[in-house]
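# Coordinate inspection notes
Read off the chains here:
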Protein chains: 2
Amino acid sequence: MSNVMSLARRLKAAQPQIAHAPTELKNRLLLRIADCLCASMEEILEANQTDISSAAQNGIPNVMLDRLSLSEERIHNMADGVRKVARLADPVGEVLSGYTLVNGLKIRKERVPLGIVGMIYESRPNVTVDAAVLCLKASNAVLLRGGKEAIYTNITLTRIMQHALEEEGMNPDILLLVEDTSRQSATEMMKLNGYLDVLIPRGGQGLIRSVVENATVPVIETGAGNCHIYIDAEADLEMGVNIVYNAKTSRPSVCNACESLLVHKDVAEQFLPLVKERLDTKNVIILGCEETRRILGESVAPATESDYAAEFLGYVISVKVVNDLDEAIRHINQYSTHHSEAIVTNNLTNSQKFTEQVDSAAVYVNASTRFTDGDEFGFGAEIGISTQKLHARGPMGLEALTSTKYVILGNGQIR
Amino acid sequence: MSNVMSLARRLKAAQPQIAHAPTELKNRLLLRIADCLCASMEEILEANQTDISSAAQNGIPNVMLDRLSLSEERIHNMADGVRKVARLADPVGEVLSGYTLVNGLKIRKERVPLGIVGMIYESRPNVTVDAAVLCLKASNAVLLRGGKEAIYTNITLTRIMQHALEEEGMNPDILLLVEDTSRQSATEMMKLNGYLDVLIPRGGQGLIRSVVENATVPVIETGAGNCHIYIDAEADLEMGVNIVYNAKTSRPSVCNACESLLVHKDVAEQFLPLVKERLDTKNVIILGCEETRRILGESVAPATESDYAAEFLGYVISVKVVNDLDEAIRHINQYSTHHSEAIVTNNLTNSQKFTEQVDSAAVYVNASTRFTDGDEFGFGAEIGISTQKLHARGPMGLEALTSTKYVILGNGQIR
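Since the structure is predicted, the reported quantities are computational estimates derived from the model, not experimental observations. (Residues numbered from 1 in each chain as written. Chains lettered and ligands numbered in written order. Predicted model: local features only at pLDDT ≥ 70, side-chain atom pairs only at ≥ 80, totals over all residues. Heavy atoms only, no water.)

Time to look at the interface of chain A and chain B. Many descriptions give the size of an interface as the accessible area lost when the pieces come together. Taken together, the contact pairs 64 residues of chain A with 64 residues of chain B. For the pair chain A and chain B, the summed buried area comes to about 5,300 Å², and 54% of that belongs to carbon and sulfur atoms. The shortest N-O distance in the salt bridge between Arg-415 of chain A and Glu-376 of chain B comes to 3.2 Å. Taken together, the connections running from chain A to chain B amount to 37 residue pairs in polar contact (both at pLDDT 80 or more). Of all the secondary-structure elements, those providing two or more residues to the side of chain A that touches chain B are β2 (106-113), α9 (205-214), α10 (237-249), α15 (348-357), β13 (362-367) and β16 (402-413) of chain A. (Contact = heavy atoms within 4.5 Å. Buried area = accessible area lost by both parts, 1.4 Å probe. Salt bridge = Lys/Arg side-chain N within 4 Å of Asp/Glu carboxyl O. Polar contact = N/O pair within 3.5 Å; in protein donor to acceptor, adjacent residues only side chain to side chain. Helix = DSSP H or I, 4+ residues; strand = E, 2+ residues; numbered from the N terminus.)

In structure tokens:
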């Protein structure tokens, strides 16, 4: 039996304990995890240093080193995040609907845990803790598999959380880490039908595509964000500049950053120089359509089809002048990853048409796409942002980690 | 370009029309479909006769011939089913939640169509109409692929529905049938990422397993039902006999029929002869554990491990005497397909423990498992019964054919 399968069996055996754990116990467990993380500061930093050293030796880029690195402050923030999840309302047990049939059967639909959640992710070790505590709060067992760069940190963080489980009298097998970071172990995880109720990949497009293509267990596709902002003919142009500047430059490496700007032809002459001036302050590279280049000059490089489809994740933006709202909507629905899009307009009809016809998880009127985030939406925490339409769409909080069950009470009814 | 891909592109181009169709138009369309079905009675029966003749020539079993066969009455029932769906409330546009953030952003979560729904099914041609109208009512475009036995019937039914679409001024490409019934066309459908938002298989376990294993688009697993009834020590035994008899024999070929009976040891001596006497009236074959055979005699064949896991879909039942409720729950969670299970008891604590700890889509107290059905649950119609935990669980009505979207209204907010 492979190592991954043996972990899966241990999870399956332990899972009923967390599935039926009272809210009070789960909250106490989370607070203990937070305390244990703070108390184990040195041990975590030491393991993290081992990961960083070997990553540096392997010549990993600085941006990845930063993702991998923990500090006292980052660990305290991690623990604060855990305490915040402890304070969230427990989704399990909520009665979503209930009614009585004419034959007297009383039906109620209740929120229940998903069961066992699998997470495959890359170099950020904080995902180990964030994902684990969200899953536990929703009464799920969890199988984690992080990237090889963070393996010592992940092993240490998992051991600390398992220790907290034991201290609360629970089976530590509720929370297991795949320590084998080979491609083989990931592939095995994707085929754990009968064990994993869902597999959530978090990371770059390569990882997510691999999981979507190879998994036979149910998957929630997350992450990729080719987000658009459309400046309507009736837009407040100053607001438009502020929103584009914020959505493009406040944190260009994240999935809710703006990657593409569409401008109505009637305001393009006026708007494009204004937004370029602002984007120039951050040296944003503009890739434009012919009309954009006519207005802004030949210093703007031409945008290709693949530029319109690209998630740049950096200081680059594609720009296209469109004839009308319909063309903007068609362009977005064709090139978008269906994550977040915004219209800037003062026209009510146009705003309604945009929100109705743009087929994305979050559609904004006169606001930055950067708000698509579980914390910003008030969920308290986030396990990822779903870009598929099944089960959950947009930022996923605790509810996305639950399923439902019908409970039917009778007194001898037969059909 | 393959035929399936060309159908997918036509669907994708036509889909926005149905996505934004007003409820009134959709209802009118459905009523017209119902009328067209009744008006095309002869044409449908003729196509069906062609299918039946070639199926009979190919020596297809009678039970499958019956599933395949239409009659005037069945077509009228089909049309009545369509009219019933027309009368159901439109799920699209429902606001599920809404609130205002401290920064003034107004967020609302709305129900929207899934987009394009794929259905792969077997020999029942009524699925062609049932699935199509449910998808259309929830504003989805739909790609159908039925079994080869029903191909002429399915082509005719689809053409009639497309004609109704045209008569309502809509693009008939909203509803397309894969006429190529080769394995290749099914496999291509399973890989239509970027086109299909969900693929729902309906049929035998072989079909469902093939879709789960091969699809890269999101799938909702449906159907298999190894349903259990547990007779508690404190059960009303007469009620227990009635429920077991009903759940086993009222329609043994369906997924909500009872396949396995568990009996508490304290009432086994009394209950087993009673239930056997009743099941004998329908010649139900009992496969029993050792204790069952001690009580009922050696005429009862021994049950194997695989019998406990089997969905017999006929007049066969496995029977096991258990020591207590915990053993019953463990047995069910191990062998069940997580469809429907029932406890017969007058003990409140036991009933609560059973409904909490049995991990199935529908859990009954003192009622037959046969009620797990969209129509019985009051959904008006059903696209299938989900046995997975993601997106939908149990009978799936119109809501299961929808997703959600966040609409966020601001006045210039940036992050």
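On to the pattern of salt bridges. Residues and elements named next belong to chain A. Within the structure shown, the criterion is met by 50 salt bridges over all chains. Arg-294 is the partner of Glu-291 in a salt bridge, and the nearest nitrogen-oxygen pair spans 2.8 Å. One end of the pair is Glu-291 and the other is Arg-294, both in helix α12 (residues 290-296) and 3 residues apart, which spans about a single turn. In this structure Glu-291 comes out as partly exposed when scored by relative accessible area, which is 29%. (Buried < 20%, exposed > 50% of the residue type's maximum accessible area, 1.4 Å probe, protein only.)

A separate point is the pairing of strand β6 (residues 198-202) of chain A. Residues and elements named next belong to chain A. The buried count for β6 comes to 4 of 5 residues, which makes it a mostly enclosed element. Two elements, strand β3 (residues 116-121) and β6, share 5 bridges in a ladder whose sense is parallel. Its bridge partner being in β6, Ile-120 is matched across the sheet by Pro-201. (Pairing = 2+ DSSP bridges.)

It is worth spelling out the packing of aromatic side chains at this point. A complete count under the given rule lists 10 aromatic pairs over all chains for this structure. Judged by centre distance (5.7 Å) and plane angle (55 degrees), the rings of Tyr-308 of chain A and Tyr-335 of chain A are tilted. Of this pair, Tyr-308 of chain A sits in helix α13 (residues 305-308) while Tyr-335 of chain A sits in helix α14 (residues 325-335), placing them 27 residues apart in sequence. Three or more aromatic residues joined by ring pairs form one cluster here, namely Phe-377 and Phe-379 of chain A together with Tyr-406 of chain B. (Phe/Tyr/Trp six-rings, centres within 6.5 Å; stacked < 30°, edge-to-face > 60°.)

Take the sheet that holds β3 of chain A next. All names here are of chain A. Ordered by their spatial adjacency, 4 strands build an open sheet running β5-β4-β3-β6, and the pairing between neighbours is parallel. Only two strands of the sheet have a single partner each, and these edge strands are β5 (175-177) and β6. Each neighbouring strand pair of the sheet contributes to a mean axis angle of 15 degrees, computed without reference to strand direction. The sheet strands contacting α9 are β3 and β6, and the helix crosses β6 at an angle near 160 degrees. (Axes fitted to C-alpha atoms, helices over the stretch in contact; angles between N-to-C directions.)

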